[in-house]
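# Commentary on secondary and tertiary structure
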Amino acid sequence: MASNILDGKALGLELQDALQLQVKKLTAAGTIPALTVILVGDDPASQVYVRNKVQTCERTGIRSEMIRYPSDVSPAIVLAKIAELNADPTIDGILVQLPLPKQFDEKIVLEAISPIKDVDGFHAENVGALNQGSPRFIPCTPYGVMKLLEKGKVDLKGKEAVIVGRSNIVGKPMAALLLAKGATVTICHSHTADLGFHTRRADILVAAVGRPNMLTGDMVKPGAVVIDVGINRLENGRLCGDVDFASVQEKAGLITPVPGGVGPMTITMLLTNTVEAAVRRSLQ
Ligand code: GUN
């Protein structure tokens, strides 16, 4: 691969190898790490993500179960299942795939998951802990981005980091993590007046908006580290990121591809969080 590519597929596999060993030891000592993923409805992208999560778990020896509900399921049924999983001492992690159908209040569902099994890190208690600098579970996508930056030996102290996207899943926790490492952080979003003004100042640029190829080479400072969180499916069926790879790769110091960049790291960090939860259980 070209020398300025940050390869998430390779790093993901490297970290999964280490996790596999840890899972083996935990299992031999009587604690089998276990993740339950709840999928509501039939959104095609969510089905692919969940299948990948469950299959990758199995490859590393983590016990994994997917529970599916039809898109018109009553929230009470899903909340009852979450309560059952919270009380089940053999389950370490519970993940409810987002987005949920419109009859659900996502906040109520996320708050129903026990914070000690919240491997997504979306529960208010875990969001608070992250923002106070003492995280319990770090949300998987920003956690994976931090591992990629570490792998690329990117020094963050005193650097200008610009995040495009302010979601609870990526943008906001990403900001907390970069801030904790000493970067000066700007979060841009759909109302930002002059996006290019901000992105051209960035030493580290994270794109997480879900708009195909919206970040182009003219919006990037030469030598910048560019992280593409977007996974967009084009009409021709191909995947592309939020970053126009061809024009940005020429200017970037480091860049993540899509596919093969952040995506495999998100899954790997979900497994990492599940194993961490299992380690805590084994110490009880
Ligand atoms: N939907 C898109 N990304 C995520 C994620 O990281 N976790 C969950 N639960 N749902 C998602």
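I will try to describe carefully the structure that is included in this document. Everything quoted here is computed from the prediction, not taken from an experiment.

## Re helix α5 (residues 124–131)
Within α5, the full set of buried residues consists of Asn126, Ala129 and Leu130. For α5, the angular spread of the buried residues around the axis is 100°, confining them to a single face. The positive-phi residue at the C-terminal boundary of α5 is Gly133, with phi of around 85°.

## With respect to the environment of Thr36
Of note, Thr36 is situated in strand β1 (residues 34–40). When sequence neighbours within four positions are dropped, the list of residues in contact with Thr36 reads Glu65, Ile67, Leu85, Ile91, Gly93, Ile94 and Leu95.

## Describing the site of the ligand
Taken together, Leu95, Val96, Gln97, Leu98, Asp120, Phe122 and Ile169 are the residues near the ligand. Starting from 280 Å² of accessible surface for the ligand in isolation, the protein chains cover 84%. When its residues are assigned to classes, the shell around the ligand shows 5 nonpolar, 1 polar and 1 charged.

## What about the sheet that holds β1?
Pairing between the strands of a sheet is mediated by backbone hydrogen bonds and can be parallel or antiparallel. Read across the open sheet, the 3 strands follow the order β2-β1-β3; overall the sheet is parallel. What marks the edges here is a single partner per strand, and that holds for β2 (63–69) and β3 (93–96). For this sheet, the mean inter-axis angle between neighbouring strands, taken without regard to orientation, is 15°. Alignment of β1 against β2, held across 7 bridges, turns out to be parallel. The residue of β2 that forms the bridge with Ala34 is Arg63. Packing against the sheet, helix α3 (residues 75–87) makes contact with β1, β2 and β3, and its axis sits at approximately 180° to β1.

## Let's talk about a nonpolar patch on the surface
Together, Val48, Tyr49, Ile231 and Leu239 line one region of the surface with nonpolar side chains, adding up to about 270 Å² of accessible area. For Leu239, the location among the structural elements is in strand β9 (residues 239–240). When its relative accessible area of 30% is taken as the criterion, Leu239 is described as partly exposed.

## Digging into the nonpolar core
Burial of nonpolar side chains together is a common tendency in soluble globular proteins. In this structure, Leu149, Leu178, Ile227 and Val229 are the most contacted members of the largest nonpolar core, which totals 49 residues. Among the elements that line this core, the one with the most residues is helix α10 (residues 262–282), at 8 residues. Beyond its immediate stretch of four places on either side in the chain, Ile227 contacts Leu6, Val145, Leu149, Leu205, Val206, Ala207, Thr256 and Val262.

## Regarding the packing of helix α1 (residues 8–28) against helix α6 (residues 140–151)
At a minimum axis distance of 11 Å, the contact between α1 and α6 shows a crossing angle of 100°. Between α1 and α6, the angle is such that the two are roughly perpendicular. Of the residues in α6, those touching α1 at Gly8, Leu11, Glu14 and Leu15 are Lys147, Leu148 and Lys151. Along the lines of polarity and charge, the residues of the contact of α1 with α6 split into 3 nonpolar, 1 polar and 3 charged.

## A look at the side chain of Asp120
As for its position among the elements, Asp120 is in the loop between α4 (106–112) and α5. In this structure, Asp120 is buried with no salt-bridge partner, the nearest side chain bearing the opposite charge being Lys53 at 5.4 Å.

Parameters at a glance
- Residues numbered from 1 in each chain as written.
- Predicted model: local features only at pLDDT ≥ 70, side-chain atom pairs only at ≥ 80, totals over all residues.
- Heavy atoms only, no water.
- Buried < 20%, exposed > 50% of the residue type's maximum accessible area, 1.4 Å probe, protein only.
- Helix = DSSP H or I, 4+ residues; strand = E, 2+ residues; numbered from the N terminus.
- Arc of directions from axis to C-beta.
- Contact = heavy atoms within 4.5 Å.
- Near = heavy atom within 4 Å.
- Areas by Shrake-Rupley, 256 points an atom, 1.4 Å probe, with all protein chains shown as cover.
- Nonpolar A, V, L, I, M, F, W, Y, C, P; charged D, E, K, R; others polar.
- Pairing = 2+ DSSP bridges.
- Axes fitted to C-alpha atoms, helices over the stretch in contact; angles between N-to-C directions.
- Patch = residues over 30% accessible without salt bridge, like charges linked within 9 Å, V, L, I, M, F, W, Y side chains within 5 Å.
- Salt bridge = Lys/Arg side-chain N within 4 Å of Asp/Glu carboxyl O.
- Core = buried A, V, L, I, M, F, W, Y, C linked by side-chain atoms within 4.5 Å.
- Parallel < 35°, antiparallel > 145°, perpendicular 65-115°, else oblique.
- Lys, Arg positive; Asp, Glu negative; His and termini not counted.

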